[in-house]
Amino acid sequence: MLKQRTILALLSTFFACASACAQYVWVDEHGNKQFSDTPPPSSVPKNRILKGKNLIDSNTDTGDASSSSKAADTPRQKTDSIASRNEDYNKRKAEQAEKDKKAAEAQQAANDKSKNCERVKSYQKTLESGARVTATDKNGERNYLTDEQREKELADTKKAGLGC
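Computed from a prediction, not measured in an experiment: that's the story for all the values here.

**Student:** Where do I start with the overall build of the protein chain in this structure?
**Tutor:** Helix and strand counts for the protein chain stand at five helices and five strands. Scanning the protein chain from its N terminus toward the C terminus, one meets helices and strands in the order α-β-β-β-α-α-α-β-β-α. Counting every position in the protein chain, which comprises 164 residues, the buried fraction comes to 10%. If you take every contact in the protein chain between residues at least 6 apart in sequence, the share linking residues at least 24 apart comes to 35%. Counting only carbon and sulfur atoms, one obtains 53% of the accessible surface of the protein chain, whose full area is about 14100 Å².

Here it is as structure tokens:
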């Protein structure tokens, strides 16, 4: 009884492992062996397929012109080659980088606007406080603002602060 169970366990393990093995083996364009449970892409020539379901059929092929013309007449399936996948990946990566750049620029613009609004509000409070405010002219001399200049500056800061 124990012997039968052991044999049954070994057989089931063998069949489980055999089904997990790759069913196709071929050599790619770089000379590397590829193992897969799916058939190789149609771009791989039959003479580079080392193991597969239809390997016996391809090895027993007589090589006459009619069979090769049939193969040439069949439309090729669109395959996702590594180059096309890399191209798609690089395109998505560039688009994401562009989105990130635009988002960073928008964030920087928002930060700049916020700082400018704070400056305008601070200057407006200074003008409204009645404290003496100086301005430097083009000769580098400091002059105190007159009441008319203060009112003009206050009106200008109110206009500038409307968007804040």
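**Student:** I tried to follow the packing of aromatic side chains on my own but got confused; where do I start?
**Tutor:** Each aromatic ring pair is described using two quantities: the centre-to-centre distance and the angle formed by the ring planes. For the structure shown, the criterion picks out zero aromatic pairs. Across from the ring centre of Y144, 3.8 Å away, lies the NZ or CZ of R132, which sits over that ring.

**Student:** What exactly am I supposed to notice about helix α5 (residues 147–160) here?
**Tutor:** Residues spaced three or four apart along an α-helix face the same direction, because each turn holds 3.6 residues. For α5, built from 14 residues, the straight-helix expectation of 20 Å at 1.5 Å per residue is met to within 8% by its first-to-last C-alpha distance of 20 Å. Looking only at α5, the buried set comprises R150, L154 and T157. Down the axis of α5, the smallest arc covering the buried residues is 65°, so these residues share one side. Of the exposed residues in α5, the ones pointing more than 90 degrees away from its buried face are E148, E151, K152 and K159. At its buried positions, α5 is contacted by α4 (82–129).

**Student:** What exactly am I supposed to notice about the pairing of strand β2 (residues 33–36) here?
**Tutor:** When strand β1 (residues 24–27) meets β2, the two strands line up antiparallel, connected through four bridges. Directly across from V25, in β2, lies its bridge partner F35. Between β1 and the antiparallel strand that follows it, β2, lie five residues; G31 among them carries a positive phi value of about 90°.

**Student:** What exactly am I supposed to notice about the packing of α4 against α5 here?
**Tutor:** Two quantities define a packed helix pair, namely the angle between the helix axes and the distance between the axes. Put simply, α4 and α5 touch, their axes get as near as 10 Å, and they point 150° apart. By the angle between their directions, the pair α4 and α5 is classed as roughly antiparallel. As for how α4 packs across α5, the hand of that crossing is left-handed. Where α4 approaches α5, its residues V120, Y123, Q124, T126, L127 and E128 are matched on the opposing element by R150, E153, L154, T157, K158 and A160. Residue composition of the contact of α4 with α5, grouped by class: five nonpolar, three polar and four charged.

**Student:** Can you walk me through the sheet that holds β1 in this structure?
**Tutor:** Whether parallel or antiparallel, the strands of a sheet pair through hydrogen bonds between backbone atoms. With antiparallel pairing, three strands are arranged side by side in an open sheet as β2-β1-β3. Each end of this open sheet is capped by a strand with a single partner; those strands are β2 and β3 (49–51). For this sheet, the mean angle separating the axes of adjacent strands, direction not counted, is 25°.

What counts, and at which threshold
Every chain begins its residue count from 1, and numbering advances along the sequence as written. With the structure being a predicted model, the display of local features is reserved for residues of pLDDT at least 70 and the display and counting of side-chain atom pairs for 80 or more, all residues being used for whole-chain, interface and lining totals. Side-chain measures here rest on the full set of heavy atoms in the structure, leaving out hydrogens and waters. Runs of H or I in DSSP of at least four residues are treated as helices and runs of E of at least two as strands, each being numbered from the N terminus. To sort residues, take the accessible area from a 1.4 Å probe on protein chains only and compare it with the maximum for the residue type: under 20% means buried, over 50% means exposed, and anything in between is partly exposed. The contact rule is simple, with two residues in contact once any of their heavy atoms fall within 4.5 Å. Every accessible area reported is derived by Shrake-Rupley at a probe size of 1.4 Å, with residue values counting cover from the shown protein chains alone. Here a pair means two rings of Phe, Tyr or Trp (six-membered ring of Trp) with centres within 6.5 Å. Their orientation is stacked below 30 degrees between planes, edge-to-face above 60, and tilted elsewhere. To sit over a ring, a charge needs its Lys NZ or Arg CZ within 6 Å of the ring centre and within 35 degrees of the ring normal. Here the expected length of a helix is defined as 1.5 Å per residue gap, with one fewer gap than residues. Directions drawn from the helix axis to the C-beta atoms are what define this arc. If DSSP finds at least two bridges between two strands, the strands pair. Lines fitted to the C-alpha atoms define the axes, with helices restricted to the stretch that makes contact. Angles between their N-to-C directions range from 0 to 180 degrees. Throughout this description, any angle smaller than 35 degrees is read as roughly parallel, any larger than 145 degrees as roughly antiparallel, any in the 65 to 115 degree range as roughly perpendicular, and the remainder as oblique. Helix crossings get a hand from a simple test, with the near helix turned counterclockwise from the far one by less than a right angle marking a left-handed crossing and a clockwise turn marking a right-handed one. Nonpolar residues are Ala, Val, Leu, Ile, Met, Phe, Trp, Tyr, Cys and Pro. Charged residues are Asp, Glu, Lys and Arg, and all others, Gly as well, are polar.

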